[in-house]
Structure formats: C-alpha cells, structure tokens
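Fold and contact review
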Amino acid sequence: MMSRTPRTSMLLIGLVLLFATQLRSESEQVCTSSSCSKDVDDLRYLYDKLTGAVQPDLLPFDEWNFTLPGRLPVYFPIEAETKNYVRRVQNVVFSPVRPTPFETTCRLAAVSDDALETVLDIDSSSVWNDDFLNFASGNRIRMGSNPLSHRYGGHQFGHWAGQLGDGRAVLLGEYQNRKGEHWELNLKGSGPTPYSRRGDGRAVLRSSIREFLASEAMYYLGIPTSRAASLVICDDEVIRAELDDSPPKLEKTATVIRLAESWFRIGSFQILAEQEEFALIRSLADFIIEHHFSAISQNSSDKYLAFFEKVVENVAEVTAKWMAVGFAHGVWNSDNTNILSITIDYGPYAFMDRYDPGFVPNTSDDEGRYSYENQPQVGLFNLNQLHAALASLISDVKKSQRILNNYFQIYERKYRYLMNQKLGFEGSDEKDEQLHEKLLEMMHAVGADFTMTFRELSEIALTDLAKENFPEDFWSLPKVVELGDWSEWLKSYIARLLRGGSYSDTARQKRMQEVNPRYVLRNYMAHRAITQANNGHYSEIDFLLSVLKKPFERQEAADARDYARRPPSWAAKLKVSCSS
Ligand code: AMP
Ligand code: MG
C-alpha cells in the first residue's frame, strides 16, 4: 500500500469535506431519489476511511505481502547452514529452508474466504489465479520472504522423542492485519526440511482435506484453533500405508496454508531444555510473554510463573471445550500442544458419533492413550513436560506445583460450565454434575449419538419431550428415552430448569441451540469429500465448509444431504491413523 504523508491526508480530507458539504446542499435542494442518499453515504464512507474511522479495503492478492522482516527472524537466532539436508540442529530456534516445488500439476482446491479476509486482509475473489496457486503450493516464494522451519522436540505417546521440528512445514512469514493482529503463515506439505528425519516432507490429500476442514470447523464452533486459508492438491504422489495393516500405495499430495498467532509448542521449550540451551529458553519465554501474554508485565519478578499459570488455565479450557463437543484430537503429543493452547496439527482426530468415553479415533493408538476420556489427563501430562522444560526459569517450585495441582479443578469447573450450557441450565447447582453424568451414562448404554442427543434435546419443547412426542426426524434422543432411568432423569432435569428460573421453553431452546451444534465434521463426511477430490472433484469440500461455517443453524441444504441424520452404516467402519 502507498504511504501517505499527514499533509496529503489533510488535503484529501479537506477536499472530501468540501464535496460532502456541496453534495449535501445539492441533495437538500434537488435530490428526491434514493440514489442521492447513496452518494452521500459513499462519500461519508470515503471520509470515514480517510480519517481512519473505517478500516481499509481488502487487498487484491497481487498487492498483498508479508509484514517484513517479521518479528521472529529479528528476535531469534537462525541456523547459518542454508543447505537442506536432515541433521541435528543446536543453539537456534529456526533453520532457513525453501519449500520444494512440486513437479507436476497443482490446483487450488479450496480456500476459506473468511480466513483470507478476516485474518489476512486478502480479497478472496482475487486468489483464483496462478500467482496465488504458486504461493499456496510453495512453488514460488514471495519477494522478501525468508521461509523458516522451526526446531522443536516432544513427547510422543508418552516417550521423549528427541528432535522433531517442522519436518514437512515451513513458516512462510508473518502478517500484521488491519486489526493489528500478528499472524504466522505456516505452509504444511511443503517438502523436506532439516527436520524431516526419514519423511518425504509431504502431506497427502486425505489428511490435508481433513486438516483444512477441521481447522475451520473448530473455529466456527468457537474452539481455539489454528485456521486454514487454502488447500492445494497436486498430482505428485508419495507412498503411504493409510493404516498400519494396509498395503502401501501411491497417494496424491497437498498443501495447506495454516494460520496461527504463534506456532510455538510445548516441544519448542522441551528441545532447548534437553540440550541445556538456557539462554534460548529465557528468550523464547520472554518473546512469548511479550507478544502473546501481554497482560503479564515483563518486569514482574514472577512473570514465568504467571505465564505457566496462564498456559495451565488455557490447556484446561481448550480440553473442556473439546470434551463438550465430543472431539478427540487423536495424537495430542507435547509437540502438538500449541503454547497458546489452540488446537493444532489435525491428524487422526474425530468428532465422536456414538457416545463412548473410551472412544479412540486413531487406529495406531493401540493402548488408547489418546482416547476421548483420557484427554484431560493427557493435558496434564503435557503441562508436566512444560513445567520440566521451564525449570530453569521458575524458582518457586512449590508455587508451580500448586498451579499444576489446580489443573483438574480448573478443567472440571470449565467442563461443568459447558455441560450446564449444553443442557440449558442457568447458574449452577450442586446436583448438576449428577445430571450430566446420568445423561452421559444413559447415552453410553444405548450408543446414542453425542452431537444429536444434545441437539435434539434443544429442538424439542419439554411438553413434547414428556409425552415422547418426537418429530419424525429425531433419531438419537428417542433411544435414550426408552431406558428405564429416563423418566427419573427427566423429572430432575425439569426440576433443575425450574430452580434456575428458566420457565420459558423457547428461551431454553434458543440458549441450547446456540451451543449444541447440529452439524459437526464427522469422519464419513470428510471421507466423502476425500473420495471425490481423489477423482478431481472439489465441490464437496466447499459444500462442507459452507455447512460447518454455521454449525448451530439448521440448514436446508445440509439436511437435504442428511448431514444431521444417522451416519450411513459404512461410517462406523472408517478408520484413521497417524499416517498422513
Ligand atoms: P505430526 O504427527 O504430523 O504432528 O508429526 C510429528 C513429527 O513428524 C513432526 O516433526 C513432523 O514434522 C514429522 N513428520 C510427519 N510426517 C512427515 C513427513 N511426511 N515428512 C517429514 N516429516 C514428517
Ligand atoms: Mg505435529
């Protein structure tokens, strides 16, 4: 964008004001049609824009660029080695690396208009061209940008895995948007890096579609998450065994531009602690506190403790949100635990269909470490790893241990609050927990659908519920109602609603529908989009994105495709694994 001096701005404002006054007096004299008032509105808008009262327009992609040089390369040491080969890296936080261009044809399969526009200020109608395709595939680097891969480590499945790092992703650059927010653009599937270990640096079509859709779906559900701006699908193929026991085959590759305000992870600290790079641990913590935890004073003597406390709270919160929406991450290793506690690295995740607390979405997870019900415990495990990695910065271990000991209490409070919302309760009551648990127990007993049981409860009047007068399309709640314990539960439920002062059924339904989604990204829905995309048809991705953008609103088009109905029988047989 062109920069404007204060003097030119004043001149422009003056001119606009003059025009506006003239137009207004003309319109007072001669204008009778609505077009005149539109002219005045336009001019006012222009005036507001010049005075900074409204934000500038979206940028066409060819006028867009990163905010250069970016905060990260200025602040952190970058490895001097520029050759791209797998190695052990020390004393730096980033290594320079360029994405590897694809050899065959790539196509822009989908974009999130909202992520492009609200995060990156890019006019989404300006991206359907080769320029953007080259950018989003990593085939061409934008002028001034110096891509980096991040060095991190982590515990995988409970065991220290050593150096991991961005093995198939690069940080393309940073962008400060018109709201003043800083975002980091991370291109996944961009080819080998120093951290690729034995991998090829690529991501396959199926996992990229799943990541693209889940990132946006979670955002619209109100769950902290990275965003996805674009999905590119390429004819280059790589070999993958989709499941542990399936034969390896060639699969199409893809890239996703992922957006987050920070891509640092618990593992970012862990690798530095393991290598005893204490000065870097301090710089990393200082940077993160300054830019992402600005409520903590940099000069405070216990700022690292305050930082740790906030992370503990955030992890408890995001876990509670996952649990309340029936989401299982599937591979919540410490390297996949973002330092801002947003959901990242979508792999073998799932939104549960039938409610089963022991549900394990990842078929490679033999021991069920990342089952739905274990997630709060896994959150604590990951926080313990962060605690250990911050040991050199935190002197009052008694206090930090006390913070850790509080984790479950914070989690439980948030979870109970969300469950109360799901059931339409106002305030809290000591018997609420019993009501939550009993309902879940009944849902488990009959294998009721997690999403639709709550949703149907929100879509029916209590008088109809009491009479078991269900709308024709209900398919989940009626199963629960058949149970012997139901009528007792219903009585307690109604009594609780009355105790909370919620006499209006309409108000209860409205409240509940605002928090209980009608549509979630079920594995079978993503699978459909994947099958079609493998045959070169991408419209289902767009369709799903449009549905998942409004998960709480009943949508005719989605219902016409049965997306709020019982999943087809083949859905239960679908499997996802770590292979991606
Ligand atoms: P993930 O399970 O996707 O979070 O990845 C765990 C680690 O393995 C990270 O360090 C990734 O960068 C790395 N990784 C996963 N897949 C590949 C691949 N195809 N090529 C290189 N590195 C990979
Ligand atoms: Mg990861």
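Fair warning: this is a prediction, and the values are worked out from it, not measured in the lab.

1. Brief notes about the site of ligand 1
With respect to spatial proximity, 16 residues lie near ligand 1, and among them G165, G167, R197, G201 and N336 are the closest. R202 is positioned such that a nitrogen or oxygen atom in its backbone is 3.2 Å from a nitrogen atom of ligand 1. With respect to ligand 1, the side chain of D345 contributes an N or O atom lying 3.4 Å from an oxygen atom. Contact with the protein chains covers 83% of the free accessible surface of ligand 1, which is 480 Å². Its residues placed into classes, the shell around ligand 1 shows two nonpolar, seven polar and seven charged.

2. Focus: the state of the cysteines
Evaluated as defined, the whole model comprises one disulfide. Here C106 pairs with C234 through a disulfide, and the sulfurs are 2.1 Å apart. Its S-S torsion of approximately 105° makes the covalent link between C106 and C234 right-handed. Taken together, the residues span a long stretch of sequence, with C106 in strand β2 (residues 106-111) and C234 in strand β9 (residues 227-240) at a distance of 128 residues. Judged by its relative accessible area of 9%, C106 is buried.

3. As for the pattern of salt bridges
Applying the stated rule across the entire model yields 37 salt bridges. Taking the shortest distance from any N to any O, the salt bridge between R227 and D114 comes out at 3.0 Å. Remark: D114 occurs in helix α4 (residues 113-119) and R227 occurs in strand β9; sequence separation between them is 113 residues. Between R511 and E426 there is a salt bridge, and its shortest N-O distance comes to 3.4 Å. Residue R511 is found in helix α18 (residues 505-513), and its partner E426 is found in the loop between α12 (407-422) and α13 (432-446); the two are separated by 85 residues along the sequence. E426 sits in the partly exposed class, given a relative accessible area of 36%.

Conventions and cut-offs
Residues numbered from 1 in each chain as written. Chains lettered and ligands numbered in written order. Predicted model: local features only at pLDDT ≥ 70, side-chain atom pairs only at ≥ 80, totals over all residues. Heavy atoms only, no water. Near = heavy atom within 4 Å. Polar contact = N/O pair within 3.5 Å; in protein donor to acceptor, adjacent residues only side chain to side chain. Areas by Shrake-Rupley, 256 points an atom, 1.4 Å probe, with all protein chains shown as cover. Nonpolar A, V, L, I, M, F, W, Y, C, P; charged D, E, K, R; others polar. Disulfide = S-S within 2.5 Å. Helix = DSSP H or I, 4+ residues; strand = E, 2+ residues; numbered from the N terminus. Buried < 20%, exposed > 50% of the residue type's maximum accessible area, 1.4 Å probe, protein only. Salt bridge = Lys/Arg side-chain N within 4 Å of Asp/Glu carboxyl O.

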